[in-house]
Structure formats: C-alpha cells, structure tokens
Amino acid sequence: MRTSLLIIHGPNLNLLGNREPEIYGSTTLEQINEHIQRHAEKRGFQALCVQTNYEGKIVELLQEAGNHAAVILNPAAYTHTSVAIRDAIAAITTPVIEIHLSQISGREAFRQTSLTAPVCAGMLSGFGWQGYLLAIDAAVMLTA
C-alpha cells in the first residue's frame, strides 16, 4: 500500500500570509504545510508538500505521482486556464483531489470555472487552509 500523499501548491501560494488576507487568510504556506504534515501522520500517511509557480513543473509532478496514494492539488490560477494540467490529471491513475482556499464559485466570473475539476476525484473549495485537512481525509477514504 502506498502511504504518501503528494501535495502540490500552485502559483502565488508561496505568498500566503501576506497576499490578500481578506480572501486567503493570514496563515502562511509554511504553517499550512505543518498542519498538513501532522494531519497526514495522524491518518497514517506521509505528506510531501511542493510549491511551484510553474505550470510545466505541476505537469511533471503529476506525471511522476504514481508512487503516491493520492495527490492533493491547489492549481491556483491555473485552475481556470491550464489544459496541460487538466490533461496530466486525466492521464494518470493516481486520484487527484482539487482544493481551493476561497470559494471559487463566489469569486469573479473568470474564476468560477475549473478546467481541472472534471478530471479530479473531487474538489473542495472555500474552507480556507483547513480544506487541505478535509482533502487528506478524502484521500484516506479514496485509498481505503
């Protein structure tokens, strides 16, 4: 049984804590990753957290995700624009759970459509950083 989860944080998430805290909260990415690590360990998983601002790097990480039980992906702005990430998700057998800190359906019109969600196992949106913990629980359910 594969016991690791790959957590991919997309573009600009390295700025969390300072970037538009009224939308994304004041918790930093480092703090979120600490919460993720602890929660994953409680569920019997190790979490590998990676942040990148580059679309191609996300594609490569997805293509190489076969050794992980599941992927938790916050594609950030690429959610609405990246056919390449969508196709990478569709091409792999590892389940992918999409997550967003804010409720994308309540945001600007251009943010309300996810190109990636239809090929994911599920999507969580609007629960802030705690959504990552919910996604871990979903990953446990999917891999049981």
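Residues numbered from 1 in each chain as written. Predicted model: local features only at pLDDT ≥ 70, side-chain atom pairs only at ≥ 80, totals over all residues. Heavy atoms only, no water.

(A) Structural context of the overall build of the chain. A tally of helices and strands in the chain yields 5 helices and 5 strands. For the chain, the succession of helices and strands along the chain, N to C, is β-α-α-β-α-β-α-β-β-α. Its C-alpha atoms give the chain a radius of gyration of 14 Å, within 12% of the compact-globule value 15 Å for 144 residues. Buried residues in the chain amount to 48% of all 144 residues. Restricting the contact set of the chain to residue pairs at least 6 apart, pairs at least 24 apart contribute 77%. Only carbon and sulfur atoms are counted for the fraction: they give 51% of the accessible area of the chain, which is about 7000 Å². (Helix = DSSP H or I, 4+ residues; strand = E, 2+ residues; numbered from the N terminus. Rg over C-alpha atoms; globule rule 2.2 N^0.38 Å. Buried < 20%, exposed > 50% of the residue type's maximum accessible area, 1.4 Å probe, protein only. Contact = heavy atoms within 4.5 Å. Areas by Shrake-Rupley, 256 points an atom, 1.4 Å probe, with all protein chains shown as cover.)

(B) A look at helix H2 (residues 29-42). The end-to-end C-alpha distance of H2 is 20 Å, a good match for the 20 Å that 14 residues give at a rise of 1.5 Å each. Of all the residues in H2, the buried ones are Leu29, Ile32, Asn33, Ile36, His39 and Ala40. Angularly, the buried residues of H2 cover 130 degrees about the axis, an arc narrow enough to put them on a single face. Those residues of H2 that are exposed and angled more than 90 degrees off the buried face are Glu30, Glu41 and Lys42. Each element contacted by the buried residues of H2 is listed here: strand E1 (4-9), strand E2 (46-51) and helix H5 (130-143). Taken from the residues just after H2, Gly44 is the one with a positive phi, measuring 85 degrees. (Expected span 1.5 Å × (residues − 1). Arc of directions from axis to C-beta.)

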